[in-house]
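Working through the structure, step by step
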Amino acid sequence: RFFQGTLRMFMNTCFSGAVTCHSLDGGKEVRIGGRKNLNRAVDGDVVVVQVLSAAEVAQSLRDRGKTDADFGTTAQVTTRADILAEKEVGSEPAPPAAGGDSEKPEGRIVGILKRNWREYAGTLRPLHEERQKELAGGNAAKADRTFIPLDARVPNVRIATRHSSNLEGMRIVVVIDSWDRDSPNPKGHWVRILGPVGERDTESKVILHEHGVITREFSDAVLKCLPAADYYPSEEEIASRKDLRDRIVCSIDPPGCKDIDDALHCRVLENGNWEVGVHIADVSHYVKPDTAIDEEAQQRCTTVYLVEKRTDMLPSLLTTDLCSLVGHRDRLCFSCLWEVKPDTAEIVNVEFCKALICSSGALTYYQAQAMHDDPNDKSELTESIRRLTIIARKMRAARNANGALELASSEVKFEMDSETHDPTDVKEYQKVEMMKVIEEFMLLGNRSVADHIAKVFPAFAVLRRHPPPKADALKKLEAVLGQQGFKDFKFGSNLELAQSLEKATKPDDPYFNVLVRTLVCRCMNQAVYFPTGECDPLDFPHYGLAIDRYTHFTSPIRRYADVLVHRLLAASLGLWAVPPMFTDKERIKEQCGTINLKKRNADWSGRASVELHTYLFFEKNGSQEVDSVVIRCRKNGIQVSVPRFGIEGVAQITQEDWNFDDDEEVLTSKDGKVTIKPFDHVWVRIEATKKDFRLKTEITYLEMTPPEKWRPAHEDAKIRQKVEAEMFPDRLDDAMAG
């Protein structure tokens, strides 16, 4: 009855969580509810769990409704008001019925094997006015304060400080020192101030801190690894490379992109075939294995993009200068050259080589698209772009025929005030065909390199795999689409799923078509990096791309996985020896795990930054009432997508007023007058809130959207265009490049 696992708290509560016990029936999840059963464990602790009997579960439920007297609560440590406030902040979900659920047994924590305490960002709960006056006069006595972590899964922390008044209204960082057996809350101390609550710079610091992003300055040891600022390759270095400076090469990126790590060209060969080149910044030329700069990159693993700023994996001399494939400058690169038949896009030959290029221009997506579309532009560069587009279309069609998924997810961008850089409007990211063209050739480069290194180094090539989606989630979506009249939704393979998506469209409702693909995207598992020796070859394929072997080669400036792949590719060509990391089975496995973790944290940081800027927009502009589309129904809320702002969230409902049918995923009002199901239009209010200093954009259900309030997608676009002049694109679009 005793099992080991890691405690994971449920979202927005520090009172209830679960432990996955791998030795219990093949990995069953044990629910842990209430302070007493949690036994002072926090999210991420490795714990020992005792599974409770039916009688013990019933007693536990009775105890859970009592006060925290068992923890020795006293007015000196925690007041009744503190307890009520903390319970309001993170009220636990409704517990299962007495007797337990055989699928999810109840348990209690009887031991903590490994603590996961870390530095927590948050804010002190304000003192009463009288107490504030008492401490404001420079009183040197220590004040007992309650620290509210930004992460609601973490319990409040008691701290004693002589700097109470200086910490008022500030985001601070606190560490836990101890948690006494007879105390409901841990004790700790503050270590630094991040800045005033609500300021964008402060809140961005909080986001980076909470997601474990390394923000320290690069050390002297790292900087000593860099070449001189005016570095130019030696004649010997140039002679060892393929000189491609005669090719008409260009880069195509989001506006404001500074770390340009890829460029392309396409020229006509004498035999009538086309030569397509993808040229990637040769970062591995500057970042040598097991140097100080390499060790730093191993820890950071990725550049992290927030809406308004980025945190680089490598020093700026490399990212925005020597490695960036800017226009009209000689640059070292690692190139993939394909000979392609123009009528079929069939690849006749592929060559990998270290090369030297000189880009003819650093274009934005929109500039390249305009050149492509201008019938009067017959320049060599434009013709190259047109040839690339022709090949990309054919390659994309072939991938789609093989089962590649055309999925969609909301990408939000903010229009910024040119003076204050505050968000003035929020909209979905505008897409043009040139984005797909670049994507297609990056996929081609990645898959070609993956095939090559997996063949040469079958035991330790670093690839990226994407497991099949969650079948239960797709079954749920099948039922939802059945309500919309789509009765033939199949997903036995990626090809079947792709074909089902082609059929699940409404010609008169383009937003429905996008939303269906977004929902399929939510059913997907995460793609992960792995060394080939650690995985069955049957699990190598990338499901979403319908590719048997895939890796990341095309962004070494901002992804450490790509640096590893560059080293493998160079070793496969006999340019240098295989670095020791790859032949050390545990080390390369651990490094891939670190890369996966840092990638997830970077993604979550970006989403949190979008949420922050959404909050700032509504804080400045006040609440808005708009139409939204239901994505899914829950018993305690409605997940909606808001076309006007390109955002999503859970619209709050009064749970007591609704009945929920989980099988059909339908909410029905208790009086039977209103029924809500996925894809319905509902009228919601969106507003900024900061309860307990947690900044959130809150959505509230008001009513079913009357038909006269439905706004076509093109009208929403027109509204957004009215504020186009206020856009601050550089910082924003550079973030979107991540």
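Residues numbered from 1 in each chain as written. Predicted model: local features only at pLDDT ≥ 70, side-chain atom pairs only at ≥ 80, totals over all residues. Heavy atoms only, no water.

Some thoughts on the pattern of salt bridges
This structure, assessed with the given rule, holds 46 salt bridges. For Glu-296, the salt bridge identified is with Arg-300, shortest N-O distance 2.8 Å. With Glu-296 and Arg-300 both in helix α9 (residues 292-300), this residue pair falls four residues apart, about one helical turn. Residues Glu-296 and Arg-300 agree in their burial class; the two are buried. Within the structure, one salt-bridge network assembled from shared partners comprises Arg-8, Asp-43, Arg-118, Asp-151, Arg-153 and Glu-210. (Salt bridge = Lys/Arg side-chain N within 4 Å of Asp/Glu carboxyl O. Helix = DSSP H or I, 4+ residues; strand = E, 2+ residues; numbered from the N terminus. Buried < 20%, exposed > 50% of the residue type's maximum accessible area, 1.4 Å probe, protein only.)

A word on helix α17 (residues 560-572)
Between its terminal C-alpha atoms α17 stretches 19 Å, which fits the 18 Å expected from 13 residues at 1.5 Å a residue. Among the 13 residues that make up α17, 13 are buried, leaving the element largely enclosed by the rest of the structure. (Expected span 1.5 Å × (residues − 1).)

Looking at the sheet that holds strand β11 (residues 242-243)
Judged by pairing direction, the sheet is mixed, and its five strands sit side by side in the order β11-β18-β17-β14-β13 without closing on themselves. Whereas interior strands pair on both sides, the edge strands pair on one side only; in this sheet they are β11 and β13 (262-268). Here two bridges tie β11 to strand β18 (residues 347-358), and the two strands are oriented parallel to one another. Bridge assignment links Asp-243 to a residue of β18, and that residue is Leu-356. Each of β13, β14 (274-281), β17 (330-340) and β18 is contacted by helix α13 (residues 433-456), which is oriented at about 95° to β13, the strand it contacts most. Those strands touched by α17 are β14, β17 and β18, and its axis lies near 70° from that of β17. (Pairing = 2+ DSSP bridges. Contact = heavy atoms within 4.5 Å. Axes fitted to C-alpha atoms, helices over the stretch in contact; angles between N-to-C directions.)

Describing the confidence of the model for the protein
On average, the protein scores 86 in pLDDT, and the residues at 70 or more come to 86%. Residue range residues 414-421 is modelled with pLDDT below 50. Its contacts to residues more than four positions away, or to other chains, number 38 contacts. (pLDDT = per-residue confidence, 0-100.)

Comments concerning empty space enclosed by the protein
Scanning all chains against the criterion turns up seven cavities of 30 Å³ or more. Of the pockets and cavities examined, the second largest cavity occupies roughly 80 Å³. Taken together, His-211, Gly-212, Val-213, Ile-214, Arg-300, Thr-302, Val-304, Thr-311, Asp-312, Lys-598 and Asn-601 form the lining of the second largest cavity. Grouping the constituent residues of the lining of the second largest cavity by class yields three nonpolar, five polar and three charged. (1 Å grid on protein atoms, 1.4 Å probe; cavity = no way out; pocket = protein on both sides within 12 Å on 5 of 7 lines; lining within 4 Å. Points joined across faces, edges and corners; volume = space filled by probe spheres on them. Nonpolar A, V, L, I, M, F, W, Y, C, P; charged D, E, K, R; others polar.)

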